[in-house]
Amino acid sequence: MQKPSPASPATKVKFFSGEDLPLELHKVRVVQKLHLVPVERRLAAITEASFNTYQLSTRDIYLDMLTDSGVNAMSDNQTAAMHRADDAYAGSQSFTRLRDAVEEVLGKKYLLPVHQGRAAENVISRAFVKPGSILPMNYHFTTTLAHIMENGGKVVELLHYPDALQISSTNPFKGNMDIAALEALIARHGPAQIPFIRMEASTNLIGGQPFSIANLREVRRVADKHGILLVLDASLIGENCYFIKKREPEFKDASVGEILKVMCDLCPLVYFSARKLSSSRGGGICTNDKAIYDKLKNLVVLFEGFVTYGGISVREIESMTVGLHETTDETVISQSPSFIEYFVNEAVKRGVPMVTPPGGLGAHIDAGGILPHVPREEYQAGAFAAALYIAGAIRGMERGTVSSVRDENGKDVLADIELLRLAFPRRVFTLSQTRYALDRLHWLYLNRGLIGGLKFVEEPPVLRFFNGRLAPTSDWPQKLAAKFREDFGDSL
Ligand SMILES: *Cc1c(COP(=O)(O)O)cnc(C)c1O
C-alpha cells in the first residue's frame, strides 16, 4: 500500500492564463454511463417521486449530488485491497489491518466496527443517554437527533449565534461551540444530567462548516472541569482538518494527518461513518478507554455483528483501511473542498445566495433567500430541490424544514435555515459537469419567480425526509418545465 508522504505538498495549481480553476489530481479509470433525460421526463420522474429527490431513480438522474455518503470514488489501492479480504466470522485479519489503521491515523487503539454512522449513534445513545439527559453539541445531525430522542434525551445546540447561521459570512469557523453557552448550560442542569458533549466535524447541516482546534481545546477544558465525556463525530473530519490547515494560523505548516491526530487526541470517544470518512462503507467507534470499549462492545454484538466485522463486509473493511490512510493525503482530501469553493464562488458571482465561506461535503444554496414568495410552511428548500431536478436532472438534498420534525402539537419545527445542498462526492465529478450544474442553477435562479411550494401527502413519523411524499401546491412544476423548453429549444 502506498502511504502518503507526511510532508504536505502544495495542492493548488496556478494557471498561466490567470484563470482560477480547481484541477483534478487523479485520472479516471473506471466510468459509469449517465442518463441525461429530457425535461418532459424530468417533470414526470419528479412527479412519480412525489417531489422528494430521495425517491428518484438514478436512471433519471444526470448529476447525483444527493450526498457524499457511500458514493465517493475509490482509489485503485482501495479496490485492490478488497481482493485480499479475509473472510472469517471471527478474528479476520482484515479487521486487524483496520484496527491498525485506526490507531495510526486516529490515534485510538480500541475499535468497534459498525455498519454505518447511525449504528454508532444507536450504540452510543443506548449506552449513555437516559430519559431526561441533556446533550450539548455544536449542532445536530438528522440521525444523531433521532437516536438521542429515541432514548429520551434532549439535544441542545450551542453554535455561536447568530454568526453560525448567517448565510453569507467570512467567519472561518462557523462550527465552533459557544463556550459561554456551554458553561451556562452545565451550570443550569448540573453535569450529572449531561452524559456527553458532542462535537461534529465539518458541521453537516449548517453547510459543512468546520470548528477550530482552539475551540475544541476550550470544549475539552470545560468537559474536564466538570468530568463530562467529550464525543467527536468524525464522519467529515478530513475536510475539517483541511480547513484548519488553511484557516487556523497555528496549523498552517502541519500536515492533515498531524491535525487529525491533534483533534482525535482531544476527544476520548470518536465515531464515524465510513461512507464519508475513508470513501468506503461502514462505520466505527474508537477510543483509548478500555472501560468505554467494554461498555459499548456488548451492544455492538447485539445490533451489528461480531466485534471483528460489525455488520460490514470484509471487502469494505479493507477499503476503509486504505481510505483512512488516504484521508491524510492533502491532494486527496483537498479535491472536494476545492471544487465546492469554485462552485460557490462562481454561483455568488451570478447573484445566487450561497452559504459562505464554502464548506466541506457540498455547496449549499440559500433556498429561503431565493424563494421569499414561498411560505416557509411550504418547504422552500424542498421545492427548490424539485425545481433544480426539473431544470437540470441534478439531484440535490433538501436540508431545511422537510428534514426537521414536528413538535408535540404536530406543528412543523421550522429549520433554522432552508438550504439545498449539492454534494460533491469525493473525486466523482469533472469540471465541465460542475459548470453544467452552475449553468442550470443560474437559469433556475433567474426563473425563481416560477417556483411554488410543496405540501406533505404522506408523512412518516421519524426521519420523514427519506420516505415522505409531497405534492406541489399549484401547477408550478409544469410552468417551469414549459419555460425550460421555451428557453433551451430542443436541448436536453
Ligand atoms: C452521514 C453522517 C452521519 C450518519 O452516518 P450514516 O453512515 O449515514 O448512518 C452521522 N454524522 C454525520 C456528521 C454525518 O455526516
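As recorded in an unreviewed UniProt entry, the protein chain goes by Tryptophanase and comes from Termitidicoccus mucosus. Looking at the protein chain in UniProt, the text filed under Cofactor (unreviewed entry) is "pyridoxal 5'-phosphate". Word for word, the UniProt comment on the protein chain under Sequence similarities (unreviewed entry) is "Belongs to the beta-eliminating lyase family."

Draft legend 1. Structural view of the overall build of the protein chain. Scanning the protein chain for helices and strands turns up 18 helices and 14 strands. Taking 23 Å as the expected radius of gyration for a compact globule of 492 residues, we find that the protein chain reaches 22 Å, a close match to that expectation. Taking the principal axes of its C-alpha atoms as reference, the protein chain extends roughly 65 × 55 × 45 Å. Out of the 492 residues in the protein chain, the part that is buried amounts to 59%. Summing over all exposed atoms, the protein chain offers an accessible surface of approximately 19600 Å²; the carbon and sulfur share of this is 53%. Both charge centroids of the protein chain, one from 56 positive and one from 56 negative side chains, sit 2 Å from each other.

Draft legend 2. Main features of the packing of helix α3 (residues 93–106) against helix α11 (residues 314–327). Interaxial distance between α3 and α11 falls to 9 Å at its minimum, and their mutual angle equals 20°. Classified by the angle between their axes, α3 and α11 sit roughly parallel to one another. The interaxial crossing formed by α3 with α11 has left-handed handedness. Here Ser94, Phe95, Arg97, Leu98, Ala101, Val102, Glu104 and Val105 of α3 lie close against α11, whose contacting residues are Val314, Ile317, Glu318, Met320, Thr321, Leu324 and His325. Here the residues of the contact of α3 with α11 are counted per class, giving nine nonpolar, three polar and three charged.

Draft legend 3. How the structure looks around the nonpolar core. Core analysis: the largest hydrophobic core is formed by 62 residues, its most contacted members being Phe343, Met354, Ile365, Phe384 and Leu444. No other element matches the ten residues that helix α15 (residues 380–392) contributes to this core.

Draft legend 4. Summary view of helix α18 (residues 476–488). Compared with an ideal rise of 1.5 Å per residue, which puts 13 residues at 18 Å, α18 spans 18 Å between its outermost C-alpha atoms and is within 8% of the ideal. Within the sequence span of α18, burial applies to Trp476, Pro477, Leu480, Ala481 and Phe484. Down the axis of α18, the sector holding all buried residues measures 135°, keeping them to one side. The inward-facing, buried residues of α18 abut α1 (39–48), α15, α16 (431–446), β13 (454–458) and β14 (469–472).

Draft legend 5. Geometry of the environment of lysine 297. By the element assignment, lysine 297 lies in helix α10 (residues 290–303). Between the C-alpha atoms of lysine 297 and valine 123, which are 174 residues apart in sequence, the distance is 8.9 Å. In contact with lysine 297, not counting residues within four places along its chain, are Leu112 and Val307.

The rules we used
- Residues numbered from 1 in each chain as written.
- Predicted model: local features only at pLDDT ≥ 70, side-chain atom pairs only at ≥ 80, totals over all residues.
- Heavy atoms only, no water.
- UniProt positions renumbered as here; feature names shortened; annotations may be inferred.
- Helix = DSSP H or I, 4+ residues; strand = E, 2+ residues; numbered from the N terminus.
- Rg over C-alpha atoms; globule rule 2.2 N^0.38 Å.
- Buried < 20%, exposed > 50% of the residue type's maximum accessible area, 1.4 Å probe, protein only.
- Areas by Shrake-Rupley, 256 points an atom, 1.4 Å probe, with all protein chains shown as cover.
- Lys, Arg positive; Asp, Glu negative; His and termini not counted.
- Charge placed at Lys NZ, Arg CZ, Asp CG, Glu CD.
- Axes fitted to C-alpha atoms, helices over the stretch in contact; angles between N-to-C directions.
- Parallel < 35°, antiparallel > 145°, perpendicular 65-115°, else oblique.
- Left-handed = near helix turned anticlockwise from the far one by under 90°.
- Contact = heavy atoms within 4.5 Å.
- Nonpolar A, V, L, I, M, F, W, Y, C, P; charged D, E, K, R; others polar.
- Core = buried A, V, L, I, M, F, W, Y, C linked by side-chain atoms within 4.5 Å.
- Expected span 1.5 Å × (residues − 1).
- Arc of directions from axis to C-beta.

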